[in-house]
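# Working through the structure, step by step
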Amino acid sequence: MTKNPLLSVENLNIAFGDTLVVKEISFDIQPGQTFALVGESGSGKSVSALSILKLLPYPFASHPQGKILFDNHDLLKSNDKEIRQVRGKRISMVFQEPMTSLNPLHTVEKQIREVFELHSGTSSHTQILDLLKLVQLKDPEQKCQAYPHQLSGGERQRVMIAMALAGQPDLLIADEPTTALDVTTQAEILKLLSDLQKKFGMALLLITHDLGIVRKMAQKVAVMEKSVIVEAGTVKDIFIKPSHPYTQRLLSSEPQGTADLLPKESSILMEVQNLSVHFPLKKGLFRRTTGYTKAVNEISLSLRHAETLGIVGESGSGKTTLALAILRLIASQGEISLEGHRLDKLSSTEIRPLRKKMQIVFQDPFSSLSPRMTIEEIIGEGLEVHFPELETSGRTERIMAVLREVGLEESMKTRYPHEFSGGQRQRISIARALILKPKLLILDEPTSALDRAIQADILQLLKKLQKEHALSYLFISHDLKIVRAISHQVIVLKEGNVVESGACQEIFRNPQHPYTQRLLKAAFDMET
Amino acid sequence: MALSPLTRRRWQYFKTNRRGYISLWIFCILFFLTLGAELISNDNPLMISYEGRWYFPVFKIYPETTFGGDFETEADYRDPYIKERLETHGWILWPPRRYSYSTVNYDLPVPAPSSPTWENLLGTDDQGRDVLARLIYGFRISVLFGLVLTLGSSVIGVIAGGVQGYFGGKIDLFFQRFIEIWSGLPTLYLLIILGSLVQPNFWWLLGLMLMFSWMALVSLVRAEFLRARNLDYVRAARALGLSTPKIMFRHILPNAMVATLTYLPFILNSAITTLTSLDFLGFGLPPGSPSLGEMLAQGKNNLQAPWLGLVSFFSVGLTLSLLIFVGEGVRDAFDPRKIRR
């Protein structure tokens with residue numbers, strides 16, 4: 001192509017203080033093109049995008065070398081006034097977390113009006129309405145007066161896109177625009193973005209860690225690893241024959257395979273009958289209970305030894321509440337029995353000895369480990385409760401054994417959680433649960449805070465542990481690809497109700513309920 | 001006790017704040033020196049050798065008859081007669097300053113309050129007592145009072161806040177309303193009224209003030225517990241089967257400790273200020289006790305003797321400033337935004 005690129009980044013370096021966080025990256029974006037910047041968290045992709053609009057914390061951040069040419073004009077050399085002319089009007093940006101990027105104190109209309117007034121000096125109600133219709137927000141008239149917290153995640157992201165489009169930019173930078181959203185909403189937003197792009201002939205710089213999105217949306221792609229671009233080219237080329245080992249690893253880390261076969265004579269470990277969790281809605285001065293939110297509504301399920309039951313659903317469908325209720329960490333109605341013990345009949349002290357049989361691993365590996373305890377203390381804590389007779393040497397031995405089992409080094413036991421990466425922390429969480437030799441492990445989105453390649457490692461580990469210890473898993477996730485790779489049985493939750501349940505393969509091959517069909521389509525084809 | 005790396009880094013950061021670090025040293029030196037006030041400034045000798053035997057008047061009361069006097073009462077070692085007997089039959093080891101807080105210097109060249117001389121470095125007050133000696137004892141009692149009060153109110157405050165935050169619900173609601181009413185009570189008036197019912201001494205005052213000073217930390221600790229009780233690692237601890245007190249102490253309290261420690265120097269400061277103001281008004285420690293507030297009152301009553309006012313002003317000012325500087329240093333050292341880089 002001989003066309004003049006719209007944006008051209010040449011040998012750009014970005015430094016925070018004395019550390020280089022981005023090293024000599026170069027790429028071009030043609031008008032109307034979609035360019036994807038892919039890489040794992042911490043690889044420097046967001047920082048690169050922010051530097052285009054000079055949104056980094058200067059002077060702490062600096063550019064030792066390089067150029068960012070936009071319409072043959074070096075943005076790095078322009079002063080504040082010039083860059084403000086570009087921001088929003090020529091290049092605008094959509095951020096990952098729509099809740100924090102909208103001002104919580106202003107209505108939707110006011111936030112969009114501000115953009116209009118900044119760039120054209122005038123604004124009218126119809127203009128704003130047109131824009132909201134353009135981003136396909138339902139009931140735009142009504143939503144104009146809404147505050148951000150009254151909107152859903154998808155609606156907020158639409159408002160963000162509307163704000164970005166208000167100045168009719170030539171380039172839209174979307175920084176992980178769908179990571180915080182559910183699969184179905186994600187598919188909708190992606191479709192909207194590509195429709196709008198065609199309509200306005202915008203260029204799109206898409207920053208993401210999800211290769212599925214890249215394949216769907218982009219024409220050209222650059223792969224970043226550890227602050228450098230390791231490979232760049234057209235999407236076709238890179239997906240068909242990736243040349244750099246890192247890209248190959250990224251591509252092969254998509255979750256694959258299915259769950260291992262169950263042993264034939266597997267008996268039932270846990271049974272749940274008509275489990276409900278209702279949160280009271282309180283109103284008025286005396287906080288009278290006026291109704292109930294049915295977070296979990298009469299759910300029944302059963303789990304056999306060494307079996308994995310996948311629980312899928314969008315956020316707010318009651319997946320985590322169900323898990324906490326089964327562990328008796330929140331109040332619930334209904335029967336829960338584990339190996340014949342009726343858990344729901346036991347008081348909180350009576351249940352304590354049974355707790356070693358059922359353990360949980362949480363989603364966020366950063367908040368699930370006490371930041372002020374060493375790894376040894378964290379892992380050994382359960383032993384102290386359930387095996388108080390164990391000597392110090394015996395305890396250390398078991399801690400060592402479990403560390404080896406989850407693939408960590410023994411020398412790590414004296415360190416603190418903040419010294420570990422997300423994947424390692426998740427291994428520590430698993431070790432903490434595993435040391436009590438549980439029968440049931442509840443995994444609440446254990447991989448969703450992790451990068452793809454690390455997700456694959458954790459899945460491998462979970463499968464291995466299941467085989468060795470005949471563990472039963474209750475695997476909660478919104479990521480259907482991962483659920484498919486590990487589950488024997490699946491139940492689909494929607495607003496606290498089970499809409500479909502059955503064998504994993506069966507559901508993925510032939511979904512019955514329209515909701516399940518919609519979920520699957522969004523997850524695997526990114527279509528609505 | 002091995003310091004965790006984080007604590008060590010905080011200590012390093014605290015050291016780089018020169019003002020706070022030096023203030024801490026000055027304060028510690030002053031505090032430990034005045035802890036031994038009896039050994040520095042006393043009208044009883046440290047040690048006496050009399051007729052081949054050793055006596056320690058600092059620690060033990062000896063009747064005058066022991067040294068050949070006439071009375072069964074405690075020996076007055078400043079009495080020229082006793083002094084002479086002792087010096088002829090042995091020797092006396094005096095502390096650096098021969099005045100206790102209540103010692104009246106009867107040979108003043110001018111009527112009390114007398115201006116600073118080599119004998120009374122900071123002059124004497126209106127009853128002829130040495131100001132420096134009273135300052136040493138007064139500083140000690142103020143700081144000790146402050147420390148005990150701070151410790152007591154922190155313990156109560158942390159427990160109250162922890163219980164409210166962890167259990168939440170009705171307990172929280174009830175306690176919050178109670179604290180709102182309790183903190184609305186005019187503390188100083190109540191102390192004055194209660195002080196007229198009993199003869200206030202150190203422990204009475206401490207108890208009375210403790211009743212009203214424990215609330216400073218409650219809201220802070222409560223907020224921290226409210227936040228932390230739903231964190232995943234607390235949930236994980238519950239899933240492990242840990243008992244409630246253990247969860248509170250081991251998992252949540254360390255989070256609240258940072259905020260608490262940051263507050264401590266400021267609570268200490270306000271405790272000292274309250275005691276000083278009560279003493280200044282005359283409702284504090286019993287008459288005759290050395291205290292910074294009583295010295296301030298003397299300064300106010302004797303404007304013709306400016307050394308009284310100046311000494312008490314500067315000593316209160318210095319104490320409070322040192323603590324504020326230390327407090328600022330501690331606050332910055334615990335600030336995660338400053339420590340990370």
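Residues numbered from 1 in each chain as written. Chains lettered and ligands numbered in written order. Predicted model: local features only at pLDDT ≥ 70, side-chain atom pairs only at ≥ 80, totals over all residues. Heavy atoms only, no water.

## Regarding the overall build of chain B
Note the following rule: Starting at the N terminus, helices and strands are each numbered in turn, a helix being any DSSP run of H or I of at least four residues and a strand any DSSP run of E of at least two. Atoms counted for the radius of gyration: C-alpha only. Globule rule: 2.2 Å times residue count to the power 0.38. For the exposure calls, accessible area comes from a 1.4 Å probe over protein chains only, and a residue counts as buried if that area is under 20% of its type's maximum, exposed if over 50%, partly exposed in between. Contacts are assigned to residue pairs with any non-hydrogen atoms lying within 4.5 Å of each other. Only the protein chains shown count as covering a residue, and every accessible area follows the Shrake-Rupley method with a 1.4 Å probe.
Of regular secondary structure, chain B possesses 14 helices and 3 strands. Here chain B has a C-alpha radius of gyration of 25 Å; the compact-globule value for 341 residues is 20 Å, and the former is much larger. In terms of overall dimensions, chain B has a C-alpha envelope of 80 × 45 × 40 Å along the principal axes. Buried positions account for 47% of the 341 residues belonging to chain B. Within chain B, counting contacts between residues at least 6 apart in sequence, those at least 24 apart form 65% of the total. For chain B, the computed accessible surface area is about 17600 Å², with 66% contributed by carbon and sulfur atoms.

## Observations regarding the interface of chain B and chain A
For clarity, the threshold we go by: A 1.4 Å probe defines the accessible area here, and the buried area is the portion of it lost by two parts on being joined, summed over both. The salt bridge definition used is simple: a Lys or Arg side-chain nitrogen within 4 Å of an Asp or Glu carboxyl oxygen. Nitrogen and oxygen atoms within 3.5 Å of one another constitute a polar contact, given that in protein one can donate a hydrogen and the other can accept it, and given that sequence-neighbouring residues count only through two side-chain atoms. Asp, Glu, Lys and Arg are counted as charged, while Ala, Val, Leu, Ile, Met, Phe, Trp, Tyr, Cys and Pro are counted as nonpolar; the rest, among them Gly, fall into the polar class.
The partner chain A presents 27 residues to the 21 residues of chain B that form the contact. Between chain B and chain A, the buried area comes to about 2100 Å², and carbon and sulfur atoms account for 57% of it. At the boundary of chain B with chain A, the tally comes to 3 salt bridges. K246(B) is the salt-bridge partner of E384(A), the closest N and O atoms lying 3.6 Å from each other. Our enumeration of links across chain B and chain A arrives at 10 residue pairs in polar contact (both at pLDDT 80 or more). Those elements that place two or more of their residues in the side of chain B that touches chain A are helix 1 (5-16), helix 10 (232-240) and helix 11 (244-281) of chain B. No other element matches the 7 residues that helix 10 of chain B contributes to the side of chain B that touches chain A. Counted by class, the side of chain B that touches chain A contains 9 nonpolar, 5 polar and 7 charged residues.

## As for a nonpolar patch on the surface
Residue and element names in this part refer to chain B. Quick reminder of the rule: Patch rule: a residue counts if its relative accessible area is over 30% and it has no salt bridge; like charges are joined within 9 Å, and nonpolar side chains (Val, Leu, Ile, Met, Phe, Trp, Tyr) within 5 Å.
Taken together, the side chains of L39, W54, F56, F59, W91 and L93 present a nonpolar region at the surface, about 680 Å² in accessible area. Its location among the elements puts L39 in helix 3 (residues 37-40). Overall, the relative accessible area of 41% leaves L39 in the partly exposed class.

## Side note on unusual backbone geometry
A negative phi holds for most residues other than glycine; trans holds for most peptide bonds. Residue and element names in this part refer to chain A. Non-glycine residue Q136 carries a positive phi angle of around 60°. Checked against the element boundaries, Q136 lands in the loop between helix 5 (125-134) and helix 6 (140-143). Residue classification places Q136 among the partly exposed residues on the basis of a relative accessible area of 46%. Not every positive phi belongs to a glycine, and S227 is a case in point at roughly 70°. You can see S227 is positioned in the loop between strand 10 (220-225) and strand 11 (228-234).

## Quick notes on the nonpolar core
Soluble globular proteins tend to bury their nonpolar side chains together. Residues and elements named next belong to chain A. For clarity, the cut-off: Definition used in this section: a nonpolar core is a set of buried Ala, Val, Leu, Ile, Met, Phe, Trp, Tyr and Cys residues joined via side-chain atoms within 4.5 Å.
Core analysis: the biggest nonpolar cluster contains 52 residues, and I379, I430, L462, Y473, F475 and V490 have the highest contact counts within it. Those residues in contact with I430, other than ones at most four positions away along the chain, are V361, V406, I458, L461, L462 and L465. Counting residues in each nonpolar core, the second largest holds 37 residues, with V115, L129, C144 and M160 among its members.

## Observations regarding the sheet that holds strand 8 (residues 171-175) of chain A
Residue and element names in this part refer to chain A. Under the convention used in this document: One bridge is not enough; two strands pair if DSSP finds at least two bridges between them. Each axis is a line fitted through C-alpha atoms, and for a helix only the stretch in contact is used; angles between axes span 0 to 180 degrees, taken between their N-to-C directions.
The strand order across the open sheet formed by 6 strands is 7-8-9-3-10-11, and the pairing between neighbours is mixed. Looking at which strands have only one partner, the edges of the open sheet turn out to be strand 7 (91-94) and strand 11. Neighbouring strand axes in the sheet, compared pairwise and without regard to direction, differ in orientation by 15° on average. Here 5 bridges tie strand 3 (residues 34-38) to strand 9 (residues 203-208), and the two strands are oriented parallel to one another. The partner of A36 across the bridge, within strand 9, is L206. Helix 1 (residues 45-52) rests against strand 3, strand 7, strand 8, strand 9 and strand 10 of the sheet, and its axis sits at about 150° to strand 9. Of the strands in this sheet, strand 7 and strand 8 are in contact with helix 7 (residues 153-165), which crosses strand 7 at around 170°.

## Considering the pattern of salt bridges
Following the criterion strictly, the structure yields 30 salt bridges over all chains and no others. K357(A) is the salt-bridge partner of E339(A), the closest N and O atoms lying 3.0 Å from each other. On the criterion of sequence distance, the pair formed by E339(A) in the loop between strand 15 (333-338) and strand 16 (341-342) and K357(A) in the loop between strand 16 and strand 17 (358-361) is long-range, its members being 18 residues apart. The partner of E180(B) in a salt bridge is R177(B), and the shortest N-O contact between them spans 3.0 Å. With E180(B) and R177(B) both in helix 6 (residues 169-184) and 3 residues apart, this pair spans about one turn of that helix. Here the salt bridges do not stand alone but share partners, grouping E381(A), E384(A), K246(B) and R250(B) into one network.

## Side note on the environment of F67(B)
Residues and elements named next belong to chain B. Relative to the helices and strands, F67 resides in the loop between strand 2 (53-55) and helix 4 (80-89). Sequence separation between F67 and K83 is 16 residues; the distance between their C-alpha atoms is 9.5 Å. Beyond its immediate sequence surroundings of up to four residues, F67 is in contact with I48, Y50, Y55, Y62, A75, Y77, R85 and L86.

## A short note on the packing of aromatic side chains
What counts, and what does not: Stacked, edge-to-face and tilted are the three classes for Phe, Tyr and Trp ring pairs, Trp counted by its six-membered ring, which pair at centre distances within 6.5 Å; planes under 30 degrees apart are stacked, over 60 edge-to-face, the rest tilted. For a Lys NZ or an Arg CZ to count as sitting over a ring, it must be within 6 Å of the ring centre and within 35 degrees of the ring normal.
A complete count under the given rule lists 19 aromatic pairs over all chains for this structure. Ring geometry for F313(B) versus F314(B): centroids 5.1 Å apart, planes at 70°, classification edge-to-face. Clustering of aromatic rings is evident, with ring pairs tying together W11(B), F14(B), Y21(B) and W25(B). A cation over a ring is seen here: K54(A) above Y58(A), with NZ or CZ 6.0 Å from the ring centre. Taking the ring centre of F387(A) as reference, the NZ or CZ of K356(A) above it sits at 5.7 Å.

## Section: the sheet that holds strand 18 (residues 440-444) of chain A
All names here are of chain A. With mixed pairing, the 6 strands of this open sheet are ordered in space as 17-18-19-14-20-21. Sheet topology places strand 17 and strand 21 (497-503) at the edges, where each strand pairs with a single neighbour. Neighbouring strand axes in the sheet, compared pairwise and without regard to direction, differ in orientation by 15° on average. Relative to strand 19 (residues 472-477), strand 18 runs parallel, the two being bridged by 5 bridges. Across the sheet, L440 pairs through a bridge with S472, a residue of strand 19. Sheet strands touched by helix 15 (residues 422-434): strand 17 and strand 18. Its angle to strand 17, the strand with the most contacts, is close to 170°.

## Regarding the packing of helix 5 (residues 131-167) of chain B against helix 11 of chain B
Test applied: Rotating anticlockwise by less than a right angle from the far helix to the near helix defines a left-handed crossing, while the corresponding clockwise rotation defines a right-handed one.
Running from N to C, helix 5 of chain B and helix 11 of chain B cross one another at 145°; their axes reach a closest spacing of 7 Å. Both helix 5 of chain B and helix 11 of chain B take part in a crossing whose hand is right-handed.

## What about the pairing of strand 9 of chain A?
Residue and element names in this part refer to chain A. Definition in use: Viewed with both strands pointing away, a crossover whose connecting path from the first strand over the helix to the second turns clockwise is right-handed.
Where burial is concerned, most of strand 9 is hidden: 6 out of the 6 residues are buried. Side chains A203, L205 and I207 of strand 9 all project onto a buried face; the interleaved residues L204, L206 and T208 project onto the opposite face, where all are buried too. Relative to strand 9, strand 8 runs parallel, the two being bridged by 5 bridges. Considered in strand 9, the bridge of D175 is made with I207. Between the parallel pair strand 8 and strand 9, the chain is carried across by helix 8 (residues 183-200), and the sense of this crossover is right-handed.

## Quick word on the confidence of the model for chain B
Residue and element names in this part refer to chain B. The cut-off we apply is this: Confidence of the predictor at the level of single residues is captured by pLDDT, which takes values from 0 to 100.
Within chain B, residue pLDDT values average 83, and 96% of them lie at 70 or more. Per-element averaging of pLDDT across chain B places helix 14 (residues 336-339) at the bottom with 61 and helix 2 (residues 18-35) at the top with 90. With a pTM of 0.74, the predicted complex shows an ipTM of 0.70.

## Considering the side chain of S49(B)
Position of S49(B) relative to the elements: it lies in strand 1 (residues 47-50). Residues within four places of S49(B) in sequence aside, it is in contact with W54(B), H89(B), G90(B) and W91(B).

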